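Report on the structure
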Amino acid sequence: MIRLEVPFYATLSLCAGPIVFARGFRDLRTRRLIQNTPTARIRSMAMGLVEVSGTVLERSVILAPFTGHECAYWEVDIAVRTRRDSWTVVHRKSSGNPFFVSDGTGVALVYPQGSQCRTPSPCEEVCPGHSLPECYERYMLEQGLWLRHAWKLSALRFRERTLEEGQRVFILGSAEPRTPAIDVSSPVEAATADGSVPWLEPELAATGTEPAPLRRLAAGPGASHIVPAARPTAVLPQAPPLPDAARWRARAVYATTPHVSDAPRAGVARPAAIPPRGPGRVQALHDRISAVIRRGTNESTFLISAESETAVETSLELSTLGKLFAGPVLTALGLAFWLYSLSAHHLTK
Amino acid sequence: MHPGEVIVAVLALFAVIGTIAYALSIYNGLVALKNNIARSWANIDVLLKQRHDELPKLIKVCEGYMQHERAVFDKLSEARAALAQVKGVAQRADAENQLTRALGQFFAVAESYPDLKANQSFLQLQGRISELENNIADRREFYNDTVTTFNTRIQQIPDMYVAGWLQLTPHELFKVDEHDREDVAVEFKMTA
């Protein structure tokens, strides 16, 4: 058994070494990008790569799949225990729901699709595969994870990270002008039998929002208002006409003139009042959006972190050093095994 | 070739590649920072242009009400004209500060015209210019942050060697006018 494993790991380390080394430089680049980009104020940030720091504000109330907590964004992963007592992640998923971020001077809408999300303390639970709690069992069933029966043969680790209302975040991403938005009231009436709204789904996909929360909202008794942002310039003309304008009360809201700020003139940011949770808050925040932050097309770095900027930099520095050292060492070890094996084989001949 | 020698050669290759890649990352970082400075300067210009365009509208709205305040109008027009001719960070900063001061005086004088203060167009323009001033202040701070990062980087080891080879020199910060640093005399006249 050992005879088979050693060459396997040697080959693996020989191949992984250069990849780890290259990833070290990628982390170095991200760290440099964070260092070189000063934190901008949301109300006056320029389009392009920006770094902002602010508070998360929910756009749509979603429930984290494992804990059931109300949050603005969630990310989960499932890992199985390997024979060497380490964990291998077998499933990863995030909510993708856009949320607002406010720094007291303005509000930006964040599309978290494609981001690298860092939260300090994930909620984590390890369970034996044969007796999983109902919430995990249900999640795997809903997601259609057909390998779940195989995974249940070993222990499983369920990890959940969330961004909640009021949490401080640091974001490095690409700012784009606020896009025209669709404001749809009472989607319940036009929902099909399964609760979905067919023509709205491409709009939601453009925002990174899945139709599932809409279905839940549409089906729920309290569902009365959902405001998904979209790219109507490209998508709207193709959308079929509204089934009943009176019932739908749908309208396109195009970007208006910038919100006139009442902040003091000395350039000192006065915290703008954030409306309390309740009806009309989403619309009020939508009206104040200065820009949209998302993964850029030219600059793919997109980081959302509940850790401070310094903590992220430190962690990236350690990761860079580790990878730049580990890469050559792994390659050398793999190479050493094969070279000595081949020379020993050659000598015995 | 002995296996040991091959391993040493591979490790040396990693060291060479690592050194070159690190030097390139410093070079690219400095170039990006230099361009960031140009970009943040241009981003201030965008707002200045917007403010510049609002001034004729403001004068047009106000001239009917403030016919006896020729000096204030002249000062505003001079500051606006001076701004169009300047070059360089320091000169631009001076001209900007002059215009900001002239605008401050203009709005202070406008306070004594109740009819003007009730005019919706004036209020909108005042709000718009106020907003632009705030944004300009934010972007100046951002520019200064970018310049500070650049100036720090080109004086740090090992970046200073690459910066020296590229002949990069420290950039000028956008400084506040001496006039704005003067203490404001505030007097409270308390009646007994």
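Along each chain, the written sequence defines residue order, and numbers are assigned to residues from 1. Each chain takes a letter, starting from A, and each ligand takes a number, starting from 1, following the order in which they are written. Given that this is a predicted model, residues contribute local features only at a pLDDT of at least 70 and side-chain atom pairs are listed and counted only at 80 or more, while totals for whole chains, interfaces and linings are drawn from all residues. Calculation of side-chain values draws on the structure's entire complement of heavy atoms; hydrogens and water are dropped beforehand.

Right, let's talk about the sheet that holds strand β10 (residues 156-163) of chain A for a bit. All names here are of chain A. Strand order across the open sheet formed by four strands is β5-β4-β10-β9, with antiparallel pairing between neighbours. Every interior strand has two partners, whereas the edge strands, β5 (87-94) and β9 (123-127), have only one. Between one strand and the next, the sheet's axes are offset by a mean angle of 15°, whatever the strand orientation. As defined by bridge partners, strand β4 (residues 73-81) adjoins β5 across seven bridges and the pair is classed as antiparallel. At least two bridges found by DSSP between two strands is the condition for calling them paired. Strands here are runs of E lasting at least two residues and helices are runs of H or I lasting at least four, both read from the DSSP assignment and numbered beginning at the N terminus. Under this scheme, a helix contributes an axis fitted over its contacting stretch, all axes are lines through C-alpha atoms, and angles between N-to-C directions fall in the 0 to 180 degree range.

So, about the packing of helix α1 (residues 3-63) of chain B against helix α6 (residues 159-166) of chain B. All names here are of chain B. Interaxial distance between α1 and α6 falls to 10 Å at its minimum, and their mutual angle equals 65°. Handedness of the crossing formed by α1 with α6: right-handed. Judged by residue contacts, I26, Y27 and L30 of α1 engage D159, V162, A163, W165 and L166 from α6. Charged residues are taken to be Asp, Glu, Lys and Arg, nonpolar residues to be Ala, Val, Leu, Ile, Met, Phe, Trp, Tyr, Cys and Pro, and polar residues to be all remaining types, Gly included. Among the residues forming the contact of α1 with α6, the class breakdown is seven nonpolar, no polar and one charged. For any pair of crossing helices, the crossing counts as left-handed if the nearer helix is rotated counterclockwise from the farther one by less than a right angle, and right-handed if it is rotated clockwise. Contacts were defined at the residue level, with two residues in contact if any of their heavy atoms lie within 4.5 Å.

Residues and elements named next belong to chain A. A simple rule labels every residue: compare its accessible area, found with a 1.4 Å probe on the protein chains alone, to the largest value its type can have, and call it buried under 20%, exposed over 50%, or partly exposed in between. Along helix α2 (residues 134-143), the positions that sit buried rather than exposed are C135, Y136, Y139 and M140. Viewed end-on, α2 has its buried residues packed into an arc of 130°, placing them on one side of the element. The exposed set on the far side of α2, more than 90 degrees from its buried face, consists of E134, L141 and E142. On its buried face, α2 sits against β4, β5, β9, α3 (148-151) and β10. The arc in question is the one spanned by the directions pointing from the helix axis to the C-beta atoms.

All right, on to the side chain of T37 of chain A then. Following the sequence through the fold, T37 of chain A ends up in the loop between α1 (2-36) and β1 (48-57). Every residue in contact with T37 of chain A, bar those within four places of it in the chain, is listed here: L49, V50, E51 and L172 of chain A.

A word on the interface of chain A and chain B. Every contact between the two is made by 36 residues of chain A and, on the other side, 36 residues of chain B. In this description, buried area is defined as the sum, over both parts, of the accessible area (probe of 1.4 Å) that is lost when the two are combined. Of the roughly 2,800 Å² buried at the junction of chain A and chain B (both faces included), carbon and sulfur atoms supply 58%. Any Lys or Arg side-chain nitrogen found within 4 Å of a carboxyl oxygen on Asp or Glu counts as a salt bridge. Run the count over chain A and chain B and you get four salt bridges. Between D159 of chain B and R32 of chain A there is a salt bridge; the shortest N-O distance is 3.9 Å. Pairs of N or O atoms are called polar contacts if they sit within 3.5 Å, as long as, within protein, a hydrogen donor faces a hydrogen acceptor (for residues adjacent in sequence, only side-chain-to-side-chain pairs). Seen at the junction of chain A and chain B, the total is six residue pairs in polar contact (both at pLDDT 80 or more). Breaking the side of chain A that touches chain B down by element, the ones donating at least two residues are α1, β1 and α9 (309-348) of chain A. With nine residues, the top contributor of residues to the side of chain A that touches chain B is α9 of chain A. Residue composition of the side of chain A that touches chain B, grouped by class: 21 nonpolar, eleven polar and four charged.

Residues and elements named next belong to chain B. The pLDDT value tells you how sure the predictor is about a given residue, anywhere from 0 up to 100. This prediction gives chain B a mean pLDDT of 82; 90% of its residues lie at or above 70. Taking the mean pLDDT of every element in chain B, the minimum, 60, falls on helix α7 (residues 178-181) and the maximum, 90, on α6. Reported for the predicted complex are a pTM of 0.71 and an ipTM of 0.76.

To continue, consider the confidence of the model for chain A. With 70% of its residues at a pLDDT of at least 70, chain A reaches an overall mean of 74. Every residue in residues 195-200 of chain A scores below 50 in pLDDT, and together they form 16 contacts with partners more than four places removed in sequence or on other chains.

Next up on the list: the pattern of salt bridges. Side chains that differ in sign of charge can pair as their charged atoms come close. Using the criterion set out here, one finds 20 salt bridges over all chains in the structure. The residue D53 of chain B makes a salt bridge to K49 of chain B at a minimum N-O spacing of 2.9 Å. Here K49 of chain B and D53 of chain B lie together in helix α1, a separation of four residues that amounts to about one turn. Looking at K49 of chain B, the relative accessible area reads 49%, which means it is partly exposed. What you see here is one network of salt bridges that share partners, running through R41 and R43 of chain A together with D138 and E141 of chain B.

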